[in-house]
Amino acid sequence: AMAGPPGLKPLVAVGQVTSTPDKELNFTACAGLVREAAGRGAAIVFLPEGFDYIGRDAAQTLSLAEGLDGDLMGRYADLARDCGVWLSLGGFHERGRDWPTTQRIYNCHALLDPAGRLVAAYRKTHLCDVELEGRVTMKESGFTNPGTEILAPVSTPAGKLGLSICYDLRFPEISLALRRAGAEILTYPSAFTVPTGSAHWEVLLRARAIESQCYVVAAAQSGKNHESRTSYGHSLVVDPWGAVVAQCREGPGLCYAEIDLDYLHRVRREIPVQGHRRPDLYGTVAAAGLAPAP
């Protein structure tokens, strides 16, 4: 649904938002972007890490979290159905089944289809514990459980989608495992800080695209989330050659890109790096349960 007339390349929309601790305000902003993107004919709308909220501290973050069967995800399921689009919800603060015993959450990338069904839930495997002296201190592991698996790519109208989240971007092993399992689009919903984003954001995303020969879609937080946090923004789409083909301006908004799988397969034919890998020398980048694509 909403993928445009036959023969046209599928369109994806990348949402950039400034989430705050106010969940209702954030939902209103995100829903507006989703409806706008659906009106433009997007097949998939990507929202960033923390689309639901960004808390001021660990205590507030934990107190606002919900389960995947909670009210907020139900509202997003309704939104997907109303708009007839896929939703990549890139970093949901999830109270999992172990919440009563651990009192810790998961950073969960939820993928909804146009019927509002949850078709995948990837839980962030690399947690962001970073200390840049005098600039940034983050310790996600202080209140978040790490995920335990990489999910197989999901077939969507735009291509086979591999799920990651933010800090996972720094670990090419995930992107290579997803590529080996058939991914055509890699997605890195994020909330990069200004110091790390200005130094590393675009170059890492382009590197992941070039080495995997996938499209890379990266929705991002932008601007002042609360008194002590500002996010870098610069949501973008990179093609399999490494070119930035869409990018958001400052502040909330959308950018759009067509996904050209014929072009992707041409790039892979012309420089067949996947067939040139030497697992006999350095092992095979794989993940439990991920079979190589046929």
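Residues numbered from 1 in each chain as written. Predicted model: local features only at pLDDT ≥ 70, side-chain atom pairs only at ≥ 80, totals over all residues. Heavy atoms only, no water.

A. Up close: the sheet that holds strand β14 (residues 236–238). Pairing within the open sheet is mixed, and its six strands lie in the order β8-β9-β10-β11-β14-β15. With partners counted over all chains shown, the strands left at the sheet margins are β8 (154–156) and β15 (244–247), one partner each. When the angles between neighbouring strand axes are averaged without regard to direction, this sheet yields 25°. Inspection of the sheet shows strand β10 (residues 185–187) paired to strand β11 (residues 215–218) by three bridges, in the parallel sense. Following the sheet pairing, Ile185 is matched in β11 by Tyr215. (Pairing = 2+ DSSP bridges. Helix = DSSP H or I, 4+ residues; strand = E, 2+ residues; numbered from the N terminus. Axes fitted to C-alpha atoms, helices over the stretch in contact; angles between N-to-C directions.)

B. Region of the structure containing helix α5 (residues 172–180). For α5, the full list of buried residues reads Ile174, Ser175, Leu176, Ala177, Leu178 and Arg179. Following α5 by one or two positions, Gly182 has its phi on the positive side, about 110°. (Buried < 20%, exposed > 50% of the residue type's maximum accessible area, 1.4 Å probe, protein only.)

C. Fine view of the pairing of strand β12 (residues 222–226). In this sheet, strand β13 (residues 229–232) lies alongside β12 in antiparallel orientation, the contact comprising four bridges. Along β13, the bridge assignment pairs Ser222 with Tyr232. Between β12 and β13, which pair antiparallel and follow one another directly, the connecting turn spans two residues.

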